[in-house]
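# Topology and contacts: notes
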Amino acid sequence: MRWLGAAAAGGLITAAAFPDLGWWPAALVGVALLAAHREVESVRAVTARWFVWGLSFFLVHVSWAQQAAGAVAWFALATVESILVAAVGAAWAAARRARWVTSRTTVQAVVFASVWVAGEQLRAVWPFGGFPWGRLAFSQTDGPLLGLAWLGGAPLVSFAVALIAYLLTATLTAWRRGEVRTGVWLTALAAAAVLVGPAVPLDTSAQAGTLRVGVVQGNVPEPGTDGAARAWRVLTNHVEGTKSLATQPGAEPVDLVIWPENATDIDPRQDPRAAALVQEGAAAINAPILVGTDRDTPAGRYNDMVVWDPRRGPLTSYSKQQPAAFGEYVPLRALVRVFSPEVDRVSIDMIPGTKPGVLSVPAPRLHRDIPAATAICFEVAYDNLVRDAVVRGGQFIAVPTNNASFGRSPQSTQQLAMSRLRAVEHGRAVIQASTVGVSAVIAPDGTMNLRTSLFTAETLTAQIPLRTALSPADRARDAPVAVATVAALIAVGSGVVTSRRRRPPVHPSRPGTSSDLHEP
């Protein structure tokens, strides 16, 4: 029970590393508590410890799901993620039995970190498209390891956290045993790993000019307003916010205004009144607006961002490629309804878009169109979606989002941390525009230049650098994850083989019976 208690404490401590608290060293401590183990420990015991760690972590980390989807959905999400964490724990229990893994502590640390990254990748893609929330990398945006994102993306940052955490627990073990030389070596190695991040050079200069961007956070009406009136109020709020950008004393002309996801639930491409309101805002600011809206079709609903030009109206659009399971569409609806009627909060399933997240934005001042990498809301958590948009030419990243359903929970700031990591990973300025906050302007080195508060009507303006160079993480693509996964699989396979070879032979004590096998 003592080990299960340590695992539960480790999960809670790790949760404190993420926003809103954001105590980044807590991730090292929390994972170190999970990595600590007895000399002889069964796969079942390890699996149980990792499940307890996962449950204590996710019940806190995604507590906002309770407000958005109900208690049953919140607990189910935390449980499913914890089961996946437990499966990774079982893989680690097997891997650490391989002879070449047990021979050196540094090798154990590398294998532990590789298994961890492979596990995060599993959760990021499965089931139902995956749920990347809770990756260790997203807890490090205020810490010294953030610079590693430029080299190898979120997987490398998570790898470094897991590696250092394992070295910490191994260091404590060495000192406790009086192994001074080993303790000094492991301490130095952990310190060196922490110092690599700040040594990474992060360029924030403009490579293709600059863009003056306005952000409108229109806010939403108080609860109780009915659906249609609420939708019109939200649209009007964003139009008024756009007008205010044009009338601010001494305000410079902007090149682009970014509205949040769902800034208008009434599609201005279909509704003349909504179109007139959007056009009113675009004409007042005399600049294109990136408009968040929905598009209903007989097959279902799309979540779109539309480039609205003050002279030509709607131009190109992007449809969200990764709708959130159970939030924007419901897989296995009939089955899930048996457990909770809350499933019908999502009455119309969202359909995934099929085109990459790159929008061409007219910029008359620069005499050209600017490609904007666009990730709608939860999409910022998915490595491949953002990277694909940047590699295809995105010179800055727009993250329009709607956090209204999550109240004053940490969901918005957790998402903001992801946007900050993406800025460093791709060397791009990032604009996060939310209906209710937090909206922010983020420099290519992850620094927040401007941000708003929750549930306020605010606007932001900033000059952002346009950049074209691809980072090492962009060029590596999925290589960091692939290397970690292959290393993990080799270690697990070796551990399984070693475990089988160590089993004593079975000697029947009498016909029809056999002696018990003892697990190492």
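So, how was this worked out
Residues numbered from 1 in each chain as written. Predicted model: local features only at pLDDT ≥ 70, side-chain atom pairs only at ≥ 80, totals over all residues. Heavy atoms only, no water. Domains from an automatic or database assignment. Buried area = accessible area lost by both parts, 1.4 Å probe. Salt bridge = Lys/Arg side-chain N within 4 Å of Asp/Glu carboxyl O. Buried < 20%, exposed > 50% of the residue type's maximum accessible area, 1.4 Å probe, protein only. Helix = DSSP H or I, 4+ residues; strand = E, 2+ residues; numbered from the N terminus. Contact = heavy atoms within 4.5 Å. Axes fitted to C-alpha atoms, helices over the stretch in contact; angles between N-to-C directions. Parallel < 35°, antiparallel > 145°, perpendicular 65-115°, else oblique. Left-handed = near helix turned anticlockwise from the far one by under 90°.

### Description of the domain arrangement of the protein
- When the domains of the protein are assigned, the result is domain 1 (1-202 + 475-501) and domain 2 (209-468).
- In this structure, domain 1 and domain 2 have C-alpha centres spaced 33 Å apart.
- Summed over both partners, the interface of domain 1 with domain 2 buries about 2,900 Å², with 63% contributed by carbon and sulfur atoms.
- Per-residue buried area on domain 1 facing domain 2 is highest for Trp64, Phe128 and Trp133; these three make up 24% of the total on that side.
- Where domain 1 meets domain 2, there are three salt bridges.

### Overview of helix H2 (residues 25-35)
- Counting buried residues in H2 gives eight out of eleven residues, a clear majority hidden from the surface.
- Taken together, the buried positions of H2 are occupied by Ala26, Ala27, Leu28, Gly30, Val31, Ala32, Leu34 and Ala35.
- Buried residues along H2 sit in contact with helix H1 (2-15), helix H3 (43-61), helix H7 (105-125) and helix H8 (148-176).

### Some remarks on the packing of H7 against H8
- As a packed pair, H7 and H8 sit with axes 8 Å apart at the nearest point and diverge in direction by 140 degrees. If you check the angle between H7 and H8, you find them oblique. As for the relative orientation of H7 and H8, their crossing is right-handed in sense. Each of Thr105, Gln108, Ala109, Val110, Phe112, Ala113, Ser114, Trp116, Val117 and Glu120 in H7 lies in contact with H8, whose residues at this interface are Pro155, Ser158, Phe159, Ala162, Leu163, Tyr166, Leu167 and Ala170.

### Details of the pattern of salt bridges
- One pass over the full model with this rule turns up 19 salt bridges.
- A salt bridge links Arg420 to Asp142, with the shortest nitrogen-to-oxygen separation between them at 3.0 Å. With Arg420 in helix H14 (residues 411-426) and Asp142 in the loop between H7 and H8, the pair connects residues that are 278 residues apart, well separated along the chain.
- Note on Asp142: relative accessible area 51%, which makes it exposed.
- Put simply, Glu261 and Lys320 hold a salt bridge, and the shortest N to O gap is 3.8 Å. Here Glu261, found in the loop between strand S2 (256-258) and helix H11 (272-285), pairs with Lys320, found in the loop between strand S5 (313-319) and helix H12 (333-339); they are 59 residues apart in sequence, far enough to count as distant. The pair formed by Glu261 and Lys320 is uniform in burial state, with each residue classed as buried.
- Three or more residues are tied together by salt bridges with common partners; here these are Glu120, Arg135, Asp383, Arg422 and Glu425.

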